[in-house]
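One letter stands for each residue in the lines below.
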2 protein chains.
Amino acid sequence: MAQKPSIPKGTRDFSPEEVSRRNYIINTLRHNFELFGFQPIETPSFENSSTLMGKYGDEGDRLIFKILNSGDYLSKVSEENYAAKDSNALTSEISEKALRYDLTVPFARYVVQHQNEIEFPFKRYQIQPVWRADRPQKGRFREFFQCDADAVGSQSLLQEVTFVQLYDAVFTDLGLKGTTVKMNNRKILSGLAETIGASDKLIDFTVALDKLDKIGEEGVITEMLSKGITAEAIERVKPIFKVSGSFAEKLSVLKELLADSETGKQGIEELQYINEKIEALGLKTVTLDLDVTLARGLNYYTGAIFEVAAPKGVQMGSIGGGGRYDDLTSIFGSNQPLSGVGISFGLDRIYLVLEELNLFPEQAIKGTRLLFLNFGENEALYCLKAVQSLREAGITAELYPDSAKMKKQMSHADKRNINFVVLAGTQEMADGVYTLKNMKTGEQQSLNLQALIKAIS
Amino acid sequence: MAQKPSIPKGTRDFSPEEVSRRNYIINTLRHNFELFGFQPIETPSFENSSTLMGKYGDEGDRLIFKILNSGDYLSKVSEENYAAKDSNALTSEISEKALRYDLTVPFARYVVQHQNEIEFPFKRYQIQPVWRADRPQKGRFREFFQCDADAVGSQSLLQEVTFVQLYDAVFTDLGLKGTTVKMNNRKILSGLAETIGASDKLIDFTVALDKLDKIGEEGVITEMLSKGITAEAIERVKPIFKVSGSFAEKLSVLKELLADSETGKQGIEELQYINEKIEALGLKTVTLDLDVTLARGLNYYTGAIFEVAAPKGVQMGSIGGGGRYDDLTSIFGSNQPLSGVGISFGLDRIYLVLEELNLFPEQAIKGTRLLFLNFGENEALYCLKAVQSLREAGITAELYPDSAKMKKQMSHADKRNINFVVLAGTQEMADGVYTLKNMKTGEQQSLNLQALIKAIS
């Protein structure tokens, strides 16, 4: 064990500064989730494998971390299966539990398992880590937090309105000006595919459309043609490549284009309703935009789709997203499909954006305000009494534990970014005062305890 | 998937009420840890197996949850090893990572790995889940949170003093009157064994002594005799069976008994120093007591030992504990031994104690204060404007998302323990007011928006 220890790839240690900043974001989310009436739940880090496997596609199944059974786990494996030496086949025999891959499937499991205790509509939030055996790369980790809010059990579009407001409230509190909530609707995408006679190619169509930003109009057309969508069909849909203006203006282009599609018209009505309500209520920080190319999680979402873009000028993928789904719980044998809307916040990316824009408030790092220097046993006790009073007044204060050289103690304050030190020797004790020194300005004041508390408050 | 889903044994779902109450405790801990200058760190949920294995004894190694390698993990296993079909031997070949078993070993790993970034003395706290493949039973789970604070890099006994104050501050904030912090010192136990000529039987001696509460003096004597400690030796140590009175009085009994043991005298001096400082500083809630039978984690601790007993009358094991250790980091090849003191708080047990004593404050559950009933589209928008203003004033408010039957909406408020509903129909809209109804008293008031915010603040 002489080599320097390390942690598994794709995982992270968080230093005090990082934890404080992460908690600043998490507390802002938690506060707003609760203001909006979302209730916290927590689920176990690992679930029965049967709960998770088969819910995320083959690729997802591969990326789920499996936990080895305890004890003599091989004793239950049949000789025949063992002889095959097939990793895939053996896994289910030696592993019954797996680490949570996201918060949605555990939430669905929770809702079905506790359906008799839950009062619907149920608005829950959940902030917990998830694990994926992905190849680690910049900004992609094997352990990361998800921050989800979902409202299930109501088909009201007011839920979508609430989520736009929730994004606005959070990004207002974080000071993240210039954030855009982009919306689309799965029904509009279906309507477009239907209109051009390519309903059977909906996925190909939307996957190509989704790339408009990256590969431009010509690139999208080339890809659509290669997928067998006809030139005539593409011609009909061309107006959406250039759609611009306000939310309402974009809607009117779509209205024309989708005049013959019932599904498409329904999608437009939904977005119009949401936009009108938001216009009436107003937003403080976020801009609501319609992005007809948005195709996020198409297999899953059935109505509104959200995606949040960081302020322009910050190189960052989406910092949040979500949408409306029709059926959360039937995978767990629930009698009736449960409709809902959910959004998530990307903690790691929001962190990077706040860091890049220098938006973390100084108080986000709750360091020690005052370090009392230690000049010996009697002085230490004299200081500890002040430390105690300061803490009772809510001020973070510490006494250096050893009567080390003054230079060492000062350097300790310096390295920990503690802005004030207190010196109290025999003279101060005799006078009943404390000498407060500002580490930045060098200024010193002689204060009694009450004045000290007041000076630092 | 038609059967009702479940979670692995020994794990728990936490309902909104439970999460809120747990967070109330966690926030109280976090607040006090930070007031005392402890800084938060977080480490990954899983570590390299080599970091964890061999640190907790054979039993610990068995109870560590191992994570199966991803991909075709059997392809790297040699034919020979595979043929042996030995679970123990195979584990290290198919699993490289394991879930954290406690927070102490990851902390030691963190300190060694980041030693060049850390400014010592280093006071860190850590509140994260740990996992143990223990047999689940009442109050013992396979996933549970540990809440640890440690101060490393100083041998000053003022650290021990600080931890007693920290316990006092936390239990004061939690309103947990009658809590006792019991202290002992490993050196006193060594001194006792030395004094009676049973240094080689230190473990047997302390294990027997530790049972005084349960099996009484005679039981302890019988056990000591059975372990080969002579009747004569036991006779010499008998005064400790009956030691009583104040901390100082107990110390004086020990002083007499340990007059010939240098180690024992050092232990007494340490406890005396800590007790004197605490007496000078005063405690608000906690009682500090000397318990010479306390033998917690003897292989690990080298100086002071702490254990926290819940208020009398509550049937509960210790709700916290800790102690001084001489060497945290040499297991990871650190050049120099790092001394420290650490304590932990038992979240699950503190939760049960607060519940039993009915000490959770009502605000611990941050439910919705106000539910606006939904009478249709125009009324809903009118209400949403008020909801928005209330939230901006920091008041948790919601609109029922659908214009369902009034009885159903009222029942929703009732089931969610929401104490106030707001009714606003065409008349209220015309008058620019909101009707606030107290669900408990039935009382109704007609208020404009400002008055509504004021009434509910």
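Residues numbered from 1 in each chain as written. Chains lettered and ligands numbered in written order. Predicted model: local features only at pLDDT ≥ 70, side-chain atom pairs only at ≥ 80, totals over all residues. Heavy atoms only, no water.

Draft legend 1. Region of the structure containing the relation of the copies chain A and chain B. Once turned by 180° and shifted 0.0 Å along the axis, chain A lies on chain B with an RMSD of 0.0 Å. In symmetry terms, the pair is related by a two-fold rotation axis. Among all C-alpha atoms of chain A, that of Ile67(A) lies closest to the rotation axis, at 2.2 Å. A high fraction, 100%, of the interface residues of chain A reappear at the interface in chain B, so the copies pair face to face through one surface. (Least-squares fit on C-alpha atoms with pLDDT ≥ 70 in both. Contact = heavy atoms within 4.5 Å.)

Draft legend 2. Structural detail: the sheet that holds strand β1 (residues 39-40) of chain A. Residues and elements named next belong to chain A. Spatially, β1-β5-β6-β11-β10-β9-β7-β8 is the arrangement adopted by the eight strands of the open sheet, whose pairing is mixed. Sheet topology places β1 and β8 (287-290) at the edges, where each strand pairs with a single neighbour. The sheet contact formed by β1 and strand β5 (residues 122-131) spans two bridges and is parallel. Within the sheet, the bridge partner assigned to Pro-40 lies in β5 and is Tyr-125. (Pairing = 2+ DSSP bridges. Helix = DSSP H or I, 4+ residues; strand = E, 2+ residues; numbered from the N terminus.)

Draft legend 3. Geometry of the interface of chain A and chain B. Taken residue by residue, the interface counts 110 residues in chain A and 110 residues in chain B. In total, about 9,500 Å² of surface goes out of reach between chain A and chain B, with carbon and sulfur atoms giving 56% of it. Looking at the side of chain A facing chain B, the largest losses of area belong to Leu35(A), Lys85(A) and Arg391(A), adding up to 7% of the total buried there. Taking the shortest distance from any N to any O, the salt bridge between Glu119(A) and Lys415(B) comes out at 3.9 Å. (Buried area = accessible area lost by both parts, 1.4 Å probe. Salt bridge = Lys/Arg side-chain N within 4 Å of Asp/Glu carboxyl O.)

Draft legend 4. Quick peek at the domain arrangement of chain A. Assigned domains within chain A: domain 1 (16-356) and domain 2 (367-456). A C-alpha centroid distance of 51 Å is found between domain 1 of chain A and domain 2 of chain A. (Domains from an automatic or database assignment.)

Draft legend 5. Representation of the sheet that holds strand β13 (residues 397-399) of chain B. Residues and elements named next belong to chain B. A sheet is described by the order of its strands in space; here five strands give the open sequence β13-β12-β14-β15-β16, paired in mixed fashion. Of all the strands in the sheet, the pair left with one neighbour each is β13 and β16 (444-447). Recorded for the sheet is a direction-independent mean angle of 25° between the axes of neighbouring strands. Where strand β15 (residues 434-438) meets β16, four bridges bridge the pair, whose relative direction is antiparallel. Residue Lys-437 lies in a different strand from β16, and its bridge partner there is Gln-444. Across the face of the sheet, helix α15 (residues 377-392) comes into contact with β12 (370-372), β13 and β15 while running at roughly 165° to β13. (Axes fitted to C-alpha atoms, helices over the stretch in contact; angles between N-to-C directions.)

Draft legend 6. Looking closely at helix α7 (residues 158-173) of chain A. Under the 1.5 Å per step criterion, the end-to-end length of α7(A) is 22 Å for 16 residues, consistent within 8% with the ideal 22 Å. Immediately downstream of α7(A), the backbone of Gly175(A) shows phi near 70°, a positive value. (Expected span 1.5 Å × (residues − 1).)

Draft legend 7. View of the pairing of strand β14 (residues 420-423) of chain B. All names here are of chain B. Every second residue of β14 is oriented toward a common face, with Phe-420 and Val-422 on one face and Val-421 and Leu-423 on the other, all of them buried. Direction of pairing for β12 relative to β14: parallel, over a ladder of three bridges. Paired with Phe-372 across the strands is Val-422, a residue of β14. The pairing of β14 with β15 spans four bridges and is classified as antiparallel. Considered in β15, the bridge of Val-421 is made with Lys-437. (Buried < 20%, exposed > 50% of the residue type's maximum accessible area, 1.4 Å probe, protein only.)

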